[in-house]
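Chain residues, written in single-letter form:
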Amino acid sequence: MITLALEDLNWQIYGCRKCRLWQGAKHSVPGEGPLNAKVMLIGQNPGANEDAVGRPFVGRSGKFLNKVLAENGLKREDLFVTSIVKHVSPRNRKPLPDEVAACLPYLIIQINLIKPKIIVLLGQSAKETPRYEGIEYMEVIHPSAAMRFNKMKDKFREQVAELAERIASISNNT
Ligand code: SF4
């Protein structure tokens, strides 16, 4: 049932015209991952690489993210990866408040269907994600920023290591 609900939601996103962003996009990027994921990673919105293929975090920052997850024993395929806004924005600008507001209901449905134990907010824009009781939230540096600056890279690695510890403690308690 959840599979159907998520697929149905994806189709709604593919056809969405609720804000201007669909006009400049090649693909919608609803997100991907297992339906029973304990962890959701939420970024800002797709970039050019993601727009080209319709999948989240597939560019350089996605590869960096996968690498740091793997360094900490985490598999990207075990996590549900999405973003607060599902279409690319012109010249990769930050989504505007009305675009975030228009798109947020899709993320809320995803959270309610997947019911993760932990939500990782990647970067500033993802902090707009609503908070729910019973879910742990972690604010983490966006991998694209972490890639560029050594200090941020170290901090990002620490944050992902902390995520791995939190996941282990959840797994031990369930
Ligand atoms: S960004 Fe979100 S609200 Fe705007 S058109 Fe795309 S799916 Fe719809």
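Residues numbered from 1 in each chain as written. Predicted model: local features only at pLDDT ≥ 70, side-chain atom pairs only at ≥ 80, totals over all residues. Heavy atoms only, no water.

A. How the structure looks around the overall build of the chain. Across its full length, the chain holds six helices and four strands. The order of α-helices and β-strands along the chain, N terminus first, is α-β-α-α-β-α-β-β-α-α. Whereas a compact globule of 174 residues would reach a radius of gyration of roughly 16 Å, the chain reaches 15 Å, a difference of no more than 12%. Counting all 174 residues of the chain, 48% fall into the buried class. Here the contacts in the chain between residues at least 6 apart in sequence split such that 71% fall between residues at least 24 apart. Carbon and sulfur atoms make up 53% of the accessible area of the chain, which amounts to about 9,200 Å² in all. Looking at charge distribution, the chain has the averaged site of its 25 positive side-chain charges lying 5 Å from that of its 18 negative ones. (Helix = DSSP H or I, 4+ residues; strand = E, 2+ residues; numbered from the N terminus. Rg over C-alpha atoms; globule rule 2.2 N^0.38 Å. Buried < 20%, exposed > 50% of the residue type's maximum accessible area, 1.4 Å probe, protein only. Contact = heavy atoms within 4.5 Å. Areas by Shrake-Rupley, 256 points an atom, 1.4 Å probe, with all protein chains shown as cover. Lys, Arg positive; Asp, Glu negative; His and termini not counted. Charge placed at Lys NZ, Arg CZ, Asp CG, Glu CD.)

B. Geometry of helix H6 (residues 150-172). The end-to-end C-alpha distance of H6, which contains 23 residues, comes to 33 Å, matching closely the 33 Å that a straight helix rising 1.5 Å per residue would cover. For H6, every residue scored as buried is listed here: Phe-156, Gln-159, Val-160, Leu-163, Ala-164, Ile-167 and Ile-170. Buried-residue contacts for H6 involve strand E1 (39-43), helix H3 (60-71), strand E3 (118-122), strand E4 (136-140) and helix H5 (143-148). (Expected span 1.5 Å × (residues − 1).)

C. Highlighting the site of the ligand. For the ligand, the full set of nearby residues is Cys-16, Lys-18, Cys-19, Trp-22, Val-85, His-87, Ala-102, Cys-103 and Tyr-106. Using a 2 Å cut-off from the grid points, one finds that the ligand occupies the largest cavity. Classifying every residue of the shell around the ligand gives seven nonpolar, one polar and one charged. (Near = heavy atom within 4 Å. 1 Å grid on protein atoms, 1.4 Å probe; cavity = no way out; pocket = protein on both sides within 12 Å on 5 of 7 lines; lining within 4 Å. Sits in = over half its atoms within 2 Å of the grid points. Nonpolar A, V, L, I, M, F, W, Y, C, P; charged D, E, K, R; others polar.)

D. Here's a closer look at the packing of H3 against H6. Interhelical geometry of H3 versus H6 gives an angle of 50° and a closest axis separation of 9 Å. Taken as axis vectors, H3 and H6 run oblique relative to one another. In the packing of H3 onto H6, the handedness of the crossing is right-handed. Counted together, Phe-64, Leu-65, Lys-67, Val-68, Leu-69 and Glu-71 of H3 and Lys-153, Phe-156, Arg-157 and Val-160 of H6 form the full contact between these two elements. Within the contact of H3 with H6, the residues separate by chemical class into six nonpolar, no polar and four charged. (Axes fitted to C-alpha atoms, helices over the stretch in contact; angles between N-to-C directions. Parallel < 35°, antiparallel > 145°, perpendicular 65-115°, else oblique. Left-handed = near helix turned anticlockwise from the far one by under 90°.)

E. Geometry of the environment of Arg-17. When you line up the elements, Arg-17 lands in the loop between helix H1 (2-14) and E1. Since its relative accessible area comes to 47%, Arg-17 is described here as partly exposed. In this structure, the C-alpha to C-alpha distance between Arg-17 and Phe-57, residues 40 residues apart in sequence, is 23 Å.

F. Quick peek at the layout of surface pockets. In this structure, the largest pocket occupies an estimated 480 Å³ of space. Forming the boundary of the largest pocket are 27 residues, of which Gly-47, Glu-50, Ser-61, Asn-92 and His-142 lie nearest the centre. Going through the elements one at a time, helix H2 (48-53), H3, strand E2 (80-83) and H5 are the ones with two or more residues in the lining of the largest pocket. By volume, the second largest pocket amounts to about 160 Å³. Pro-34, Asn-36, Ala-37, Lys-38, Val-39, Gly-73, Leu-74, Lys-75, Asp-78, Leu-79, Ile-167 and Ser-171 together form the lining of the second largest pocket. (Points joined across faces, edges and corners; volume = space filled by probe spheres on them.)

G. Examining the pairing of E1 more closely. With respect to burial, E1 is a largely interior element, five of its five residues being buried. Residues Val-39, Leu-41 and Gly-43 of E1 are buried on one face, and the alternating residues Met-40 and Ile-42, pointing to the opposite face, are buried as well. Pairing geometry for E1 and E3, over four bridges, is parallel. By the bridge assignment for E3, Met-40 is matched with Ile-119. Inspection of the sheet shows E1 paired to E2 by four bridges, in the parallel sense. (Pairing = 2+ DSSP bridges.)

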